[in-house]
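Reading the structure
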Amino acid sequence: MSTKFTPIHIDTAPKVIAQQIKERILSGDLKTAERLPTEDELAALFNVSRHTIREGLKRLAAQNLIEARRGAAGGNFVKVPTWNNIQEDLTTSLTVAASMNELTFHQLLECRLQLGLMCIPLAAANRPSEDIKALRAEVAFQLLDDVSDIDFCASDVKFHSIIARCTQNPVISATVSGVIGGLEPIANLMLFRFREKSNIARLHERLVNHIESGDSSGAAGCLVEEVEYLRQSHTSAKKWRDEQQKD
């Protein structure tokens, strides 16, 4: 193997090992689907133990840069993160950030509105028939009388992710879906007692109608209306919590 690695100090070993291999992947020295040297070979190259090598490889696997394969022809192989990997990583990071109160509700709504407004022109221009059908299916589900708050939240996330998919741009779709997946459940958890599911479902229904007809302006107006409704619901929720604390 022509790729060279630099021996390192043991105290920073796993991090530096992962970084060196990552740099080789990003530079193209290590190609997609190329098999890495064995753990023993890497240990010799880096002058560390196999345990240290495993810790470094775990870091790369967590970044979706390598994958382990079993069997006689197995080992650790270079991989390219999929759009689903990127979306899931973003969702996980934002879920943690939102859960630890690193975002205000205003920031959450602002983000949702601006991302949605970015998607709508492309979604209305492209509007794939299968995605329009999927959007209508989500609206029909949301309008059911017995839909639970948890299921409604999941459908809400899926609905806005499908709009992002309508753009037919994988970068936009993965980014927006990842953000929505990370932030929307937190918003729903805060508001489910103070917003009417049917109001949101009807707004979604109008939004789909506008997208299907290619009316990006009308769709954008529905999104602005939805975000404003959520903002008012948050005000009601905050007022209720303040009154509860007084009691």
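Everything here concerns the structure above.
One structure accompanies this document, and this report is about it. Because the structure is a prediction, the values reported are computed rather than measured.

Structural notes on unusual backbone geometry
Of note, Asn 101 is a non-glycine position whose phi angle comes to about 60 degrees, a positive value. By the secondary structure assignment, Asn 101 is in the loop between α4 (83–99) and α5 (105–126). Overall, Asn 101 belongs to the exposed group, its relative accessible area being 68%. Phi at Arg 127 is positive, roughly 35 degrees, even though this residue is not glycine. If you trace the backbone, Arg 127 turns up in the loop between α5 and α6 (129–142).

Section: the pairing of strand β2 (residues 75–78)
Across four bridges, the pairing between strand β1 (residues 66–69) and β2 is antiparallel. Residue Glu 67 lies in a different strand from β2, and its bridge partner there is Phe 77. Once β1 ends, the chain turns through five residues before running back antiparallel as β2, passing Gly 71 with a positive phi of about 100 degrees.

As for the packing of aromatic side chains
Applying the stated criterion across every chain, the model contains zero aromatic pairs. Over the aromatic face of Phe 77 sits the side chain of Arg 69, whose NZ or CZ is 4.1 Å from the ring centroid.

What about helix α3 (residues 50–62)?
Residue pairs three or four apart in sequence face the same way in an α-helix, which turns once every 3.6 residues. The end-to-end C-alpha distance of α3, which contains 13 residues, comes to 18 Å, matching closely the 18 Å that a straight helix rising 1.5 Å per residue would cover. Turning to α3, its buried residues are Thr 52, Ile 53, Gly 56, Leu 57 and Leu 60. When α3 is viewed along its axis, its buried side chains cluster within an angular range of 135 degrees and face the same direction. Exposed residues on α3 whose side chains face more than 90 degrees from its buried face are Lys 58 and Ala 62. In the core, the buried residues of α3 are packed alongside α1 (13–27), α2 (39–46), β1 and β2. Just past α3, the residue Asn 64 takes up positive phi, approximately 60 degrees.

Examining the pattern of salt bridges
Under the definition given, this model contains 17 salt bridges. For Arg 136, the salt bridge is made with Glu 212, and the minimal N-O distance between the two is 2.6 Å. Here Glu 212 lies in helix α9 (residues 197–212) and Arg 136 lies in helix α6, a separation of 76 residues in the sequence. Members of the salt-bridge network, linked through shared partners, are Glu 39, Asp 40, Arg 50 and Arg 54.

Side note on the nonpolar core
Soluble globular proteins tend to bury their nonpolar side chains together. One finds Leu 135, Ile 163, Val 176 and Leu 207 to be the most contacted residues of the largest nonpolar core, which totals 42 residues. For this core, the secondary-structure elements that each account for two or more residues are α4, α5, α6, α7 (149–166), α8 (170–191), α9 and α10 (216–246). When near neighbours in sequence (up to four residues on either side) are disregarded, Leu 207 contacts Ile 163, Ala 219, Cys 222 and Leu 223. Among the nonpolar cores identified, the runner-up in size contains 17 residues, and Leu 36, Ile 53, Leu 57 and Ile 66 belong to it.

Concerning a nonpolar patch on the surface
A contiguous nonpolar surface patch, about 270 Å² in accessible area, is contributed by Trp 83, Ile 86 and Val 171. For Ile 86, a relative accessible area of 37% corresponds to the partly exposed category.

Side note on empty space enclosed by the protein
Tallied over the entire structure, the rule returns three cavities of 30 Å³ or more. Volume-wise, the largest cavity comes out at about 100 Å³. Arg 112, Leu 115, Gly 116, Cys 119, Ile 120, His 160, Ile 163, Val 176, Ile 180, Leu 207 and Leu 223 are the residues that line the largest cavity. At the level of elements, α5, α7 and α8 are the ones that each hand at least two residues to the lining of the largest cavity.

Re the environment of Glu 205
Turning to its location among the elements, Glu 205 is positioned in helix α9. For Glu 205, a relative accessible area of 28% puts it in the partly exposed group. For Glu 205 and Ala 140, which are 65 residues apart along the polypeptide, the C-alpha to C-alpha distance reads 8.6 Å. Setting aside its immediate chain neighbours within four residues, Glu 205 contacts Val 139 and Leu 143.

Thresholds, definitions, all that
Residues numbered from 1 in each chain as written. Predicted model: local features only at pLDDT ≥ 70, side-chain atom pairs only at ≥ 80, totals over all residues. Heavy atoms only, no water. Helix = DSSP H or I, 4+ residues; strand = E, 2+ residues; numbered from the N terminus. Buried < 20%, exposed > 50% of the residue type's maximum accessible area, 1.4 Å probe, protein only. Pairing = 2+ DSSP bridges. Phe/Tyr/Trp six-rings, centres within 6.5 Å; stacked < 30°, edge-to-face > 60°. Lys NZ or Arg CZ within 6 Å of the ring centre and 35° of its normal. Expected span 1.5 Å × (residues − 1). Arc of directions from axis to C-beta. Contact = heavy atoms within 4.5 Å. Salt bridge = Lys/Arg side-chain N within 4 Å of Asp/Glu carboxyl O. Core = buried A, V, L, I, M, F, W, Y, C linked by side-chain atoms within 4.5 Å. Patch = residues over 30% accessible without salt bridge, like charges linked within 9 Å, V, L, I, M, F, W, Y side chains within 5 Å. Areas by Shrake-Rupley, 256 points an atom, 1.4 Å probe, with all protein chains shown as cover. 1 Å grid on protein atoms, 1.4 Å probe; cavity = no way out; pocket = protein on both sides within 12 Å on 5 of 7 lines; lining within 4 Å. Points joined across faces, edges and corners; volume = space filled by probe spheres on them.

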